[in-house]
Amino acid sequence: MAVLRTICMVLFALVCIVLTVVVLMQEGKSAGLGSISGAAETYWGKNKGRSMEGALEKATRVLVILFFVLAVVLNISSF
């Protein structure tokens, strides 16, 4: 049981570091003056899921879910 807990703790630390880096790599959500002229409906706005920004958002979702699952597992295993 101690080996599993150690592996979960190391994985938890790695997920925390990667999640921080992925969040910091994302662009801000403020649209600025581009939203006034409708610049959000450009090619990049319509194909956001295939862009780097879309990939970062998907990675963030996966890492957050993994973060919470590992946090619950580590909390349960501490008893």
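Look above for the structure.
Residues numbered from 1 in each chain as written. Predicted model: local features only at pLDDT ≥ 70, side-chain atom pairs only at ≥ 80, totals over all residues. Heavy atoms only, no water.

Asks: When you look at the overall build of the chain in this model, what are you seeing that I'm missing?
Replies: Secondary structure assignment for the chain yields 3 helices and 0 strands. For the chain, the N- to C-terminal ordering of α and β elements is α-α-α. Burial analysis of the chain (79 residues in total) assigns 18% to the buried set. Within the chain, counting contacts between residues at least 6 apart in sequence, those at least 24 apart form 88% of the total. (Helix = DSSP H or I, 4+ residues; strand = E, 2+ residues; numbered from the N terminus. Buried < 20%, exposed > 50% of the residue type's maximum accessible area, 1.4 Å probe, protein only. Contact = heavy atoms within 4.5 Å.)

Asks: Looking at this structure, I do not really get the nonpolar core. What am I missing?
Replies: The nonpolar side chains of a soluble globular protein tend to be buried, and buried together. Listed in full, the 8 residues of the largest apolar core are Cys8, Val15, Leu19, Val22, Leu56, Leu63, Leu70 and Leu74. Going through the elements one at a time, α1 (2-25) and α3 (52-77) are the ones with two or more residues in this core. Discounting residues that sit within four places of it in the chain, Leu63 has contacts with Val15, Val18, Leu19 and Val22. (Core = buried A, V, L, I, M, F, W, Y, C linked by side-chain atoms within 4.5 Å.)

Asks: What's the story with the environment of Leu11 in this structure? I'm lost.
Replies: Topologically, Leu11 is positioned in helix α1. Sequence separation of Leu11 and Phe67 is 56 residues, and the distance between their C-alpha atoms is 9.3 Å.

Asks: Would you take a moment to explain the environment of Leu63 for this structure?
Replies: Within the element layout of this structure, Leu63 appears in helix α3. The buried category is assigned to Leu63, whose relative accessible area is 11%. For the pair Leu63 and Cys16, spaced 47 residues apart in the sequence, the C-alpha separation amounts to 8.3 Å.

Asks: How should the packing of aromatic side chains be read in this particular structure?
Replies: To describe a pair of aromatic rings, one takes the distance between the centres and the angle between the planes. Considering all chains together, one arrives at 2 aromatic pairs under this definition. Ring centres 5.5 Å apart and planes at 80° place the aromatic pair Phe67 and Phe68 in the edge-to-face group. Residue classification places Phe67 among the partly exposed residues on the basis of a relative accessible area of 24%. Residue Phe68 is classed as exposed on the basis of its relative accessible area, which comes to 52%. Pairwise contacts between aromatic rings join Phe12, Phe67 and Phe68 into one cluster. (Phe/Tyr/Trp six-rings, centres within 6.5 Å; stacked < 30°, edge-to-face > 60°.)

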